[in-house]
Amino acid sequence: MWLSILGVAVALGVVTDDQRIMTIAIQTYILAALASSWNILGGFAGQISLGHAAFFGLGALVTREMWLGGQPFPLSTLAAMVVTAVVAAIVGVPMLRFRDAYFSIGTLALGVAVFLTIGNVRPGISSLPVDALREYEFTGPYFLALGVMAFTVPVSMWLKQGKLGLGMMAVRDDEEVAGASGVSPLRHKLMAFVISAALAALAGSVFAYFSISYYPSFPFSVVWTFEAILVVFIGGIGTTVGPLIGSAFFIVGRYALASNTEEFQVVLFGLLFIIVVLLLPGGLVEGWQRIFGGSASDVVTRAMETKTGETKGKELV
Amino acid sequence: MTQLILQSAVSGLLVGGMYGLVALGLALAFGVLKVLNVAHGELLMLGGYATFFAFNSWGVDPFVAMPFVFILLFLFGVGLYQLLFRFVTRFDVETRIKNSLLISFGLVLVLQALAVRLFTADERTISTSYSSEAFTIGLIRVPIVRLAGLVVAVIAALILEWLLTRTRFGNAIRATAEDWTRAALTGIDERRIYMIAFAISAGLAALAGTLITLGYSVSPSIGLGWTLKALIVVVLAGLGSMRGIVVAGMFLGLTEGLASVWIGGEYREVVALIVFLIVLSFRPQGFFGRAYA
């Protein structure tokens, strides 16, 4: 399934040069990569971060600074990921000592504080230089964004099946039991936090490459966190295909609503998110299973077995 | 230099009063319903706009409008509770906090977008005849609208504390906050208590919105910044005492004000974040403390 999606995406990039379709596709890939990175921390390790945009933004900021400063783009991206990973490792230790909702509050505080500070420190617009604009074309960013998604999603699939990911899920399901059986909760949560942040920075660096001009604080905006979480919840939290399904759904929805104002779209998606959290906490993947009984795919089934078993017990008063 | 420090301290204390007032409502909703409403700042923003339009369209003085804006947002709070948070209060405490956090996070986006659509993204403020008036102590300038904000915050905290500790209704609220099942057994209608507590919380946000629009400014995106400060204040003070929350707000404002003298106002939020992390590190679990102990 995953390979066929990739095949279609590559073919699309070769065939079309319609700017609108390219733009939508690039946005989808960035969002899918960002959502997958959030899902590693929120879905696998069970730590609901409300400050993910801080890492997306940091990735964009470092990349843009270095790249426009004359460094080659790959080096800038690598530096952005390393810087973000280091920052995440430093911030992660105090943050991850807080459990459950307190972690969410902590990360929300981090995200909002960083966003406001960048807005204060860097108020001016960041634009590509005029020469770069003249030869700007969509093919480069298209394949870059596709490549980043094609990197991020398999990383999360690999994590999910490997020992590290299993450890994260064990910690999510029960920290005490995981700790007692020799799976260090802090170490696994921190790994999830750092990997998730570095991948968010990678998505951010594509944003920095693709965008012609924006306020430096924009990638730090809470909207990015929201869209990542929305997409994961619509698709199905903790599954590897969920973020992809959710992104596709989100982008198709935006496309269908394109004649309406952006605010109207935000209102609709916000309400949709609230409804999903209230009524369908397992997202479309779970909805599919409830209606059709069978499995959408093997990976999904295994994911949902671990997930629903855990939440059902907790949500009954 | 001394003058700059003193002026920053005074400004910090005054804005800190607002932090305290915003935190009062957040603490009330969290203490009673165990609902963490990160859209509290957006309720504040709506209250601010209500005051702004009352003044601009009908010439109503903000202080006259205040009780009406309180009632308006009180009713809005009733609506929000019935439509959304009612469903959250069925869960156990952990799930309540998590789900309310996610739902109100969605609500932040919805209310911000609606505000941009209805009121445009422009920053607005109210200029009354007394807006620019200030009295001076030595060389320190104290704008009267900001001072009035602090006074209202203190009065609101005292009234709320009186309501919670000295009235029958307050006893019912505290009993529900402590253990809603046992409260229900004694004949308290916990649903009604939840609804009213949440509505009062929204009303308090509206008071803060009025004062902030008058003393500072309002725009659709101001909400999260104020929510952030209120969260820090609640973490600092715990839920134990309403007066304590206003004092903690003033402490945070003072810290920010003094720190900005040395490191510059742009890094104000970083100071707040560091205060937050330090406090959290000392109280990693259950840092909100016991409600109304």
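Residues numbered from 1 in each chain as written. Chains lettered and ligands numbered in written order. Predicted model: local features only at pLDDT ≥ 70, side-chain atom pairs only at ≥ 80, totals over all residues.

When you go through chain A residue by residue, the secondary structure sums to 15 helices and two strands. Relative to its length of 317 residues, chain A is compact, with a C-alpha radius of gyration of 19 Å against a globular reference of 20 Å. On the principal axes, the C-alpha backbone points of chain A span a range of 60 × 45 × 35 Å. Counting all 317 residues of chain A, 50% fall into the buried class. (Helix = DSSP H or I, 4+ residues; strand = E, 2+ residues; numbered from the N terminus. Rg over C-alpha atoms; globule rule 2.2 N^0.38 Å. Buried ≥ 20, exposed ≤ 12 C-beta atoms within 10 Å, placed from the backbone.)

Let's shift gears to the packing of helix α7 (residues 139-161) of chain A against helix α10 (residues 185-210) of chain A. All names here are of chain A. Across the interface, α7 lies against α10 with an axial gap of 10 Å and an inter-helix angle of 175 degrees. By the angle between their axes, α7 is roughly antiparallel relative to α10. Contacts between α7 and α10 involve Pro 141, Leu 144, Ala 145, Val 148, Thr 152 and Val 155 from the first element and Leu 199, Leu 202, Ala 203, Val 206, Tyr 209 and Phe 210 from the second. Of the residues in the contact of α7 with α10, the class split is 11 nonpolar, one polar and no charged. (Axes fitted to C-alpha atoms, helices over the stretch in contact; angles between N-to-C directions. Parallel < 35°, antiparallel > 145°, perpendicular 65-115°, else oblique. Contact = placed C-beta atoms within 7 Å. Nonpolar A, V, L, I, M, F, W, Y, C, P; charged D, E, K, R; others polar.)

This part covers the interface of chain B and chain A. On the chain A side, the residues contacting the 41 residues of chain B number 36 residues. For the side of chain B that touches chain A, the element with the highest residue contribution is helix α4 (residues 93-119) of chain B, accounting for 17 residues. Among the residues forming the side of chain B that touches chain A, the class breakdown is 28 nonpolar, six polar and seven charged.

A word on the pairing of strand β2 (residues 140-143) of chain B. Residues and elements named next belong to chain B. Judged from the four bridges that link them, strand β1 (residues 134-137) and β2 form a sheet pairing that is antiparallel. Within β2, the position partnered with Phe 135 by the bridge is Val 142. Hairpin connection between β1 and β2: a loop of two residues separates the two successive antiparallel strands, and Gly 138 in this loop has a positive phi of roughly 65 degrees. (Pairing = 2+ DSSP bridges.)

Before going further, it helps to spend a moment on helix α9 (residues 223-237) of chain B. Residues three or four positions apart in an α-helix share a direction because the helix packs 3.6 residues into each turn. All names here are of chain B. A rise of 1.5 Å per residue sets the reference length of α9, with its 15 residues, at 21 Å; its end C-alpha atoms lie 21 Å apart and thus fit the reference within 8%. Burial of α9 is extensive: 14 of the 15 residues sit out of reach of the surface. Gly 238 sits one or two residues past α9 and shows a positive phi near 75 degrees. (Expected span 1.5 Å × (residues − 1).)

Residue and element names in this part refer to chain B. Summarising the model, chain B shows a mean pLDDT of 88, and 96% of its residues fall at 70 or more. No element of chain B has a lower mean pLDDT than helix α11 (residues 268-282), which averages 79, and none a higher one than helix α2 (residues 40-58), which averages 96. Under the prediction, the complex receives an ipTM of 0.82, its pTM being 0.84. (pLDDT = per-residue confidence, 0-100.)

Right, let's get into the packing of helix α5 (residues 144-166) of chain B against helix α10 (residues 242-263) of chain B. All names here are of chain B. Relative orientation of the contacting elements α5 and α10 amounts to 155 degrees, with a least axis distance of 8 Å. By the criterion of interaxial angle, the relationship of α5 to α10 is roughly antiparallel. Our pair here, α5 against α10, has a crossing hand that is right-handed. Taking contact as the criterion, the partners of Ala 153, Val 154, Ala 157, Leu 158, Leu 160 and Glu 161 in α5 are, on α10, Met 242, Arg 243, Ile 245 and Val 246. Among the residues forming the contact of α5 with α10, the class breakdown is eight nonpolar, no polar and two charged. (Left-handed = near helix turned anticlockwise from the far one by under 90°.)

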